[in-house]
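Summary of structural features
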Amino acid sequence: MTITSKVLQKAGPQEPYKVVEIERRDPRADDVVIDIKAAGICHSDIHTIRNEWGEASFPLTVGHEIAGVVEAVGENVTKFKVGDRVGVGCMVNACMECEQCKNGMEQDCLKGNVGTYNSIDVDGTVTQGGYAQKVVVNENFVVTIPEGIDFDVAAPLLCAGITTYAPLSRWKVGEGDKVAVVGLGGLGHMGVQIAAAKGAEVTVLSRTTSKADDAAKLGAARTLATSEEGFFAEHHGEFDFILSTISAQYDLEAYLGLLKPHGVMSVVGLPPEAMPLHMNRLVGGAKVLTGSNIGGIAETQEMLDFCAEHGLGAVIEKIGVSDVDEAYDRVVAGDVRFRFVIDTATFEDAAVQ
Ligand code: NDP
Ligand code: ZN
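Predicted model, so just to flag it, every value in this text is computed and none were measured.

Further remarks concern the coordination of the zinc ion (ligand 2). At the metal site, the zinc ion (ligand 2) is ligated by C42 (SG), H64 (NE2) and C159 (SG), and these contacts range over 2.0 to 2.2 Å. Counting gaps between the donor residues of the zinc ion (ligand 2) yields the pattern C-x21-H-x94-C. Of this pair, H64 sits in the loop between α1 (43-49) and β4 (66-73) while C159 is found in the loop between α3 (151-154) and α4 (160-170), placing the two residues 95 residues apart along the sequence. An identical accessibility class is assigned to H64 and C159; each is buried.

Laid out in structure tokens, this is it:
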């Protein structure tokens with residue numbers, strides 16, 4: 001069975017997106033073929049395809065927030081059947097034998113997981129992501145989208161949702177905790193909703209207060225502008241937990257100053273450059289600085305079920321396949337409320353270039 005798919009592809013970091021047709025790898029016995037309904041745009045797609053994290057492998061299709069319907073299943077597939085509503089996030093395989101995989105933390109596979117794009121697939125080809133009509137994925141890396149969450153609202157949960165849910169769960173953020181979510185973009189707006197649903201008192205730390213009304217609708221108690229004169233001194237030692245989603249350079253030491261003693265700052269944003277840190281900022285007050293990398297497959301399912309139970313989903317702006325380059329510039333400018341999602345039905349009429 002040959003699976004062809006229109007995809008959005010870039011020939012190089014400065015090239016515009018083009019609609020081209022590719023062949024997906026041949027489905028194996030344990031694979032699921034997915035008819036993609038919606039694909040979210042994550043800032044990681046932009047970092048990757050603009051070579052901000054190193055040289056990507058071109059031509060390339062990105063996208064790791066995938067929601068769709070099962071179109072076919074291999075003979076050994078047991079978890080899914082044709083017609084199921086499913087999602088795929090940032091990884092499509094892992095060794096499944098190491099300590100991490102056995103503990104449900106495939107994202108930290110000791111042999112390295114296979115990314116949904118720009119990674120080496122089981123057949124030796126480079127994986128191509130979700131800005132596409134179809135994708136072929138091992139059933140172990142497919143999750144169920146609960147009824148009640150629309151595909152376009154669900155797609156961003158597959159990365160932005162799990163990436164914020166995992167550290168909030170791991171550090172047991174809940175009732176009574178004063179939480180700051182830094183950066184109100186795709187990840188941040190899910191972090192606010194999830195932390196609030198877990199009972200925390202959430203403050204959004206944004207560069208300005210221009211998103212304050214939206215933040216309140218997402219469940220934030222307040223929004224503070226970090227660009228305001230004297231901000232870091234005024235709010236010194238205020239928070240139990242800080243979730244940083246900032247995608248560019250920032251003053252890490254200044255944010256650590258906002259933590260209470262023994263507070264935890266979990267970083268999920270991945271600025272391309274290293275950032276300096278004097279150890280006295282951690283030692284004084286015995287603070288915890290930690291990172292978090294997406295989440296495991298079982299935890300991703302748990303997050304989707306949590307979102308369904310609490311009525312959470314991404315706040316999105318739906319775009320067509322010809323709008324993606326412009327959308328990238330808007331994401332980088334912080335001008336997205338709060339996730340762009342590609343309506344993959346718009347591939348239908350798009351001419352192959
Ligand atoms: P967005 O661009 O949607 O959001 C990032 C937010 O950071 C912006 O909305 C803005 O918030 C803030 N920001 C941007 N530039 C600056 C700056 N110079 N100084 C201060 N704040 C700034 O990105 P995403 O939410 O999609 O992704 C965020 C980061 O997380 C990216 O680096 C991405 O690669 C990474 N990521 C990490 C994952 C992981 O597993 N750890 C998974 C997915 C993504 P505001 O306008 O409110 O100030
Ligand atoms: Zn992502």
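Near ligand 1 there are 27 residues, and of these H43, S44, S206, K211 and R339 occur at the shortest range. The contact in question runs from an oxygen atom of ligand 1 to an N or O atom on the backbone of L184, over 2.8 Å. Within the backbone of G185, an N or O atom sits 3.4 Å from an oxygen atom of ligand 1. Expressed as a share of its isolated accessible area of 930 Å², the protein-covered part of ligand 1 is 91%. Of all the secondary structure elements, the ones that give two or more residues to the shell around ligand 1 are α1 and α5 (186-197). With three residues, α1 is the largest single contributor of residues to the shell around ligand 1. Of the residues in the shell around ligand 1, the class split is 11 nonpolar, 13 polar and three charged. When residues of the shell around ligand 1 are sorted by domain, at least three fall in each of domain 1 (3-159 + 295-347) and domain 2 (161-291).

Mapped onto the secondary structure, N280 falls in helix α9 (residues 280-283). Look at N280 and you get partly exposed, because its relative accessible area is 42%. Along the chain, N280 and E253 lie 27 residues apart, while their C-alpha atoms are 9.5 Å from each other. Within polar-contact distance, the side chain of N280 engages the side chain of R281 at 3.2 Å.

Moving on, we come to a negative patch on the surface. On the surface, a cluster of negative charge is contributed by E21, E23, D26 and D123. With respect to the secondary-structure elements, D123 resides in the loop between β7 (114-115) and β8 (134-138).

Let us look at the confidence of the model for the protein chain. Per-chain confidence: the protein chain averages 98 in pLDDT, with 100% of residues scoring 70 or above. When pLDDT is averaged over each element of the protein chain, strand β10 (residues 178-182) comes out on top at 99 and α9 at the bottom at 97.

Here we come to α4. With 10 of its 11 residues buried, α4 lies for the most part within the structure. The complete set of buried residues in α4 reads A160, G161, I162, T163, T164, Y165, A166, P167, L168 and S169. Check the buried side of α4 and you find it contacts α5, β13 (239-244), β14 (259-267), α10 (297-310) and β17 (339-343). Phi turns positive, to about 50°, at K172, one or two residues after α4.

This part is about the packing of aromatic side chains. By the definition in use, this model includes six aromatic pairs. For the pair Y17 and Y131, a centre-to-centre distance of 5.9 Å together with 55° between the ring planes defines the contact as tilted. In this pair, Y17 sits in the loop between β1 (4-9) and β2 (18-23) while Y131 sits in the loop between β7 and β8, placing the two residues 114 residues apart along the sequence. Centroid distance Y250 to Y255: 5.5 Å. Interplanar angle 85°. Geometry classified as edge-to-face. Assigned by exposure class, Y250 and Y255 land together as buried. Sitting above the plane of the F151 ring, R85 keeps its charged end 4.5 Å from the centroid. Its end group placed over the ring of F306, K198 keeps NZ or CZ at 5.3 Å from the ring centre.

Reading guide: rules and limits
- Residues numbered from 1 in each chain as written.
- Chains lettered and ligands numbered in written order.
- Predicted model: local features only at pLDDT ≥ 70, side-chain atom pairs only at ≥ 80, totals over all residues.
- Heavy atoms only, no water.
- Donors = N, O, S within 2.8 Å, 3.2 Å for Na, K, Ca; no water.
- Helix = DSSP H or I, 4+ residues; strand = E, 2+ residues; numbered from the N terminus.
- Buried < 20%, exposed > 50% of the residue type's maximum accessible area, 1.4 Å probe, protein only.
- Near = heavy atom within 4 Å.
- Polar contact = N/O pair within 3.5 Å; in protein donor to acceptor, adjacent residues only side chain to side chain.
- Areas by Shrake-Rupley, 256 points an atom, 1.4 Å probe, with all protein chains shown as cover.
- Nonpolar A, V, L, I, M, F, W, Y, C, P; charged D, E, K, R; others polar.
- Domains from an automatic or database assignment.
- Patch = residues over 30% accessible without salt bridge, like charges linked within 9 Å, V, L, I, M, F, W, Y side chains within 5 Å.
- Salt bridge = Lys/Arg side-chain N within 4 Å of Asp/Glu carboxyl O.
- Lys, Arg positive; Asp, Glu negative; His and termini not counted.
- Charge placed at Lys NZ, Arg CZ, Asp CG, Glu CD.
- pLDDT = per-residue confidence, 0-100.
- Contact = heavy atoms within 4.5 Å.
- Phe/Tyr/Trp six-rings, centres within 6.5 Å; stacked < 30°, edge-to-face > 60°.
- Lys NZ or Arg CZ within 6 Å of the ring centre and 35° of its normal.

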